[in-house]
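# Residue-level structural notes
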Protein chains: 2
Amino acid sequence: MKKKRPLILISNDDGFAAKGINSLLEYVRGFGDIIACAPESARSGFSCAFSSEKPLRLRLVREEPGLQVWACNGTPVDCLKIAIDQICDRMPDIVISGINHGDNASVNSHYSGTMGVAREGCMKGIPSVAFSLCNYSPDADFSNTARLIKIITGRVLEDGLPKNVCLNVNFPDTPEIKGTKVCRMCNGIWEKELVKERHPRGYDYYWMVGQFRDTEPEATDTDEWALAHGYAAITPTTIDTTAYSAMQKISDWDL
Amino acid sequence: MKKKRPLILISNDDGFAAKGINSLLEYVRGFGDIIACAPESARSGFSCAFSSEKPLRLRLVREEPGLQVWACNGTPVDCLKIAIDQICDRMPDIVISGINHGDNASVNSHYSGTMGVAREGCMKGIPSVAFSLCNYSPDADFSNTARLIKIITGRVLEDGLPKNVCLNVNFPDTPEIKGTKVCRMCNGIWEKELVKERHPRGYDYYWMVGQFRDTEPEATDTDEWALAHGYAAITPTTIDTTAYSAMQKISDWDL
């Protein structure tokens, strides 16, 4: 029996029309059949959110041999769930998320819809990778990431990933990426997050803005360090968020 | 100088009017001054999502000596961010989330807005605890959780929690809770998640439903096991989601 071509499931949080996901489609088309299912419009900061109360809809927006692109009115995680459940004729061999317009390093990993997609794929037992570029512009140039995206996609298809582990890959926005660093998530904090404004009708409202601060700028093994020094940061990320090192202390409470 | 009373910041994902958060307020009022800031209405499954593009608003819905309750039109994480930035006059000594109507054990921890609140508090460096009861009913009876909620709140206020660690506490819905187990997050998977329906106007739409399956029912050290056997499950949960055990394998790729 002829082995089927790998099935590649793609999503993002910037929406199906974003330059990042369309660059990604182009870079990985050679690896197999592609189904992309992405939000109708931008869903940044959606984390692992899903829609429990809203009816979801799907729309096929592009179809070519070996490629389908669907738009969904839900969150990034909704897109992945509905694609696996309703669109794919077999389990995908890999889930790829991105390329995000903007980085998802450090604690941003928790807020990121791009990482929500990778976590969701991983929770379904599929090797999953998120790609992000440190450039928020809708017109960002992703071409310098193509070579590493192809290499990483090839390796993940060939080797798989450990159970419960997905990859958070962030690229520096530099003409020449120096190489890759396998690193840990940097400790960091968002500060001064809200700005109060006065509505013409006389009430207060607030915009979420904020400044990110790296709280361990001296560390050289973090994703923030790698990006600041021109390297692509590969952070293996676990679904099992049990804080094993804290279990003894809590057990000692003897509740 | 007189030491100030502890400041307790409370939120949830079921909305400020839910029975769970109002039960929680009652149970922990003795521990300090309370500010609650919770969504206007239910925001289940919102994970760590925040609102980057939507103007946020606040409304004071209840005020008594030592207690303020605010409603916010954003996500659970928005509620926490805006409360810390705009409402609290000092950093809270503890963040408490819940009591959620429904459990947040196993991988549900990732989707949970209740846990989003605890993660957000933890990312701000505040000892943070999420409480959930295995009962989805709006009329759930939370009274059996009161004793342990008070004990755990007292311990966290006294001892704090390790850096980057928050607590995911789930209670079984039983008349008598047998005790507590400090446990790890169970491996599990959601299956058959979408149901297709036909709209009267002739198009398809989908509801998110799904069945949760514990993929390691034999394990006795998990949150699912503890809950199934009548114990409160305390899962220390880390913000640092680096998969340290996978770093060598990925480094060996030698990209």
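None of these values were measured; they are calculated from a predicted model. (Residues numbered from 1 in each chain as written. Chains lettered and ligands numbered in written order. Predicted model: local features only at pLDDT ≥ 70, side-chain atom pairs only at ≥ 80, totals over all residues. Heavy atoms only, no water.)

With that out of the way, let us pick up helix 4 (residues 113-123) of chain A. Residues and elements named next belong to chain A. Where burial is concerned, most of helix 4 is hidden: 11 out of the 11 residues are buried. For helix 4, the side-chain oxygen to backbone nitrogen distance between the N-cap and Thr-114 is 3.1 Å, and the N-cap itself is Ser-112. Just beyond helix 4, the residue with positive phi is Gly-125, at close to 85°. (Buried < 20%, exposed > 50% of the residue type's maximum accessible area, 1.4 Å probe, protein only. Helix = DSSP H or I, 4+ residues; strand = E, 2+ residues; numbered from the N terminus. Polar contact = N/O pair within 3.5 Å; in protein donor to acceptor, adjacent residues only side chain to side chain.)

With respect to the element layout, Ser51(B) can be found in the loop between strand 2 (33-39) and strand 3 (58-64). Looking at Ser51(B), its side chain comes within polar contact range of the side chain of Asp78(B), at 2.5 Å. Setting aside residues no more than four positions away along its own chain, Ser51(B) makes contact with Met208(A), Leu56(B), Gly74(B), Thr75(B) and Asp78(B). (Contact = heavy atoms within 4.5 Å.)

Now for the pattern of salt bridges. Tallied over the entire structure, the rule returns 32 salt bridges over all chains. A salt bridge links Asp159(A) to Arg155(A), with the shortest nitrogen-to-oxygen separation between them at 3.2 Å. Placement of both Asp159(A) and Arg155(A) in helix 5 (residues 146-159) is noted, with a separation of 4 residues, approximately one turn of the helix. Looking at Asp159(A), the relative accessible area reads 34%, which means it is partly exposed. Here Asp221(B) ties to Arg184(B) by a salt bridge, and the two come within 3.0 Å at their closest N and O atoms. You can see Asp221(B) sitting in the loop between strand 12 (211-214) and helix 6 (223-228) and its partner Arg184(B) sitting in the loop between strand 8 (180-182) and strand 9 (188-191), a full 37 residues away along the chain. Overall, Arg184(B) belongs to the buried group, its relative accessible area being 13%. When salt bridges that share partners are traced, they join Arg5(A), Asp33(A), Asp89(A) and Arg90(A) into one network. (Salt bridge = Lys/Arg side-chain N within 4 Å of Asp/Glu carboxyl O.)

With that out of the way, let us pick up the UniProt feature "binding site: a divalent metal cation" (unreviewed entry) in chain A. Within this structure's numbering, the places UniProt gives as "binding site: a divalent metal cation" (unreviewed entry) are Asp13(A), Asp14(A), Ser44(A) and Asn100(A). For this annotated set, covering 88 residues, all C-alpha atoms fall within 9.3 Å of each other, a compact arrangement in space. With respect to the helices and strands, Ser44(A) occurs in the loop between strand 2 (33-39) and strand 3 (58-64). Beyond its immediate sequence surroundings of up to four residues, Ser44(A) is in contact with Asp13(A), Asp14(A), Phe50(B) and Ser52(B). Position of Asn100(A) relative to the elements: it lies in strand 5 (residues 94-101). Every residue in contact with Asn100(A), bar those within four places of it in the chain, is listed here: Asp13(A), Asp14(A), Thr114(A), Phe131(A), Ser132(A), Leu133(A) and Phe142(A). Separated by 3.0 Å, the side chains of Asn100(A) and Thr114(A) make a polar contact. (UniProt positions renumbered as here; feature names shortened; annotations may be inferred.)

Glancing now at the interface of chain B and chain A. In this complex, chain B contributes 78 residues to the contact, which on the side of chain A involves 78 residues. Of all residues in chain B, the largest losses of buried area upon contact with chain A belong to Met208(B), Trp253(B) and Leu255(B), amounting jointly to 11% of the total for that side. Across the contact surface, chain B and chain A share 4 salt bridges. In this structure, Lys81(B) and Glu193(A) form a salt bridge, with 2.6 Å as the shortest nitrogen-oxygen distance. Linking chain B with chain A are 31 residue pairs in polar contact (both at pLDDT 80 or more), by the criterion used here. (Buried area = accessible area lost by both parts, 1.4 Å probe.)

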